[in-house]
Amino acid sequence: MTGGEVNLDHPPLPQFRGLSQLIINKCPKLIDLPTFQNVEELQLCESMVKPLKETLDMASSSSSTPLSLLKTVWMVKDCEGYDDGVVTLPSRMCDMPSLEHIKIMGCHNLESLPKEMDRLT
C-alpha cells in the first residue's frame, strides 16, 4: 500500500512529499510505514522493525520504490515487551542504491547483518 491508496483495514496514509527526515520514537505498535519517496534519513527508536521490512518488501510488487532516497538508517534500542522476531536487518536494504550509512545502538535482538552490507559505513 502506498500513501494514497485505500486499505479497508486502515485509513489512507499521508504522503508528505517534502519530508526528508523521519524519526519514529517509542512506537512499538506501529504497523504501517508510508512509502515516503523523499525521506533521506530514517530513525527507528524503540520501535518495531517489521513495518520497515514490509515497506521494503513492497518494492518487488510495486512500480514505485519505497524509501528510494534513503541515505541513513538509525536503529536505536529494541522494543521492550514487543518482540517482532526480527533478528536480522531486512535483506531488501541491500537493494537500496542510495543507502550509505546504517547506525545500530542497543538492538540486542539483532544477531547478524546481511553480508551485502559490507559497503555501508
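Only a predicted model underlies this, so the values are computations on that prediction, with no experimental measurement involved. (Residues numbered from 1 in each chain as written. Predicted model: local features only at pLDDT ≥ 70, side-chain atom pairs only at ≥ 80, totals over all residues. Heavy atoms only, no water.)

1. Some points on the nonpolar core
Right, so step 1: Ranked by size, the top nonpolar core spans 22 residues in total, and within it Leu42, Leu52, Leu67, Leu70 and Met93 carry the most contacts.
Right, so step 2: Sorting the residues of this core by element identifies strand E1 (21-25), strand E2 (41-45), helix H1 (50-57) and strand E3 (72-76) as the ones contributing at least two each.
Right, so step 3: With near-sequence residues (within four places) excluded, Leu42 lies in contact with Leu22, Ile24, Leu33, Leu52, Leu70, Thr72, Val73 and Trp74. (Core = buried A, V, L, I, M, F, W, Y, C linked by side-chain atoms within 4.5 Å. Buried < 20%, exposed > 50% of the residue type's maximum accessible area, 1.4 Å probe, protein only. Helix = DSSP H or I, 4+ residues; strand = E, 2+ residues; numbered from the N terminus. Contact = heavy atoms within 4.5 Å.)

2. Description of the side chain of Ser47
Right, so step 1: By the secondary structure assignment, Ser47 is in the loop between E2 and H1.
Right, so step 2: By relative accessible area, which is 7% here, Ser47 ends up buried.
Right, so step 3: Engagement of the side chain of Ser47 in a polar contact is seen with the backbone oxygen of Ile24, the distance being 3.4 Å.
Right, so step 4: One polar contact links the side chain of Ser47 to the main-chain carbonyl oxygen of Cys45, over a distance of 3.1 Å. (Polar contact = N/O pair within 3.5 Å; in protein donor to acceptor, adjacent residues only side chain to side chain.)

3. Considerations on the sheet that holds strand E4 (residues 101-105)
Right, so step 1: Pairing is parallel in the open sheet, where four strands are placed in the order E1-E2-E3-E4. The open sheet has two edge strands with one neighbour each: E1 and E4. Here the strands of the sheet are splayed against their neighbours by 5 degrees on average, with no regard to which way each runs.
Right, so step 2: In this sheet, E4 lies alongside E3 in parallel orientation, the contact comprising five bridges. In the sheet register, Val73 faces E4, and the bridge partner there is Ile102. (Pairing = 2+ DSSP bridges. Axes fitted to C-alpha atoms, helices over the stretch in contact; angles between N-to-C directions.)

4. Thoughts on H1
Right, so step 1: Of the positions making up H1, those classed as buried are Pro51, Leu52, Thr55 and Leu56. End-on, the buried residues of H1 take up no more than an arc of 135 degrees, which puts them together on one face.
Right, so step 2: Buried residues along H1 sit against E2. (Arc of directions from axis to C-beta.)

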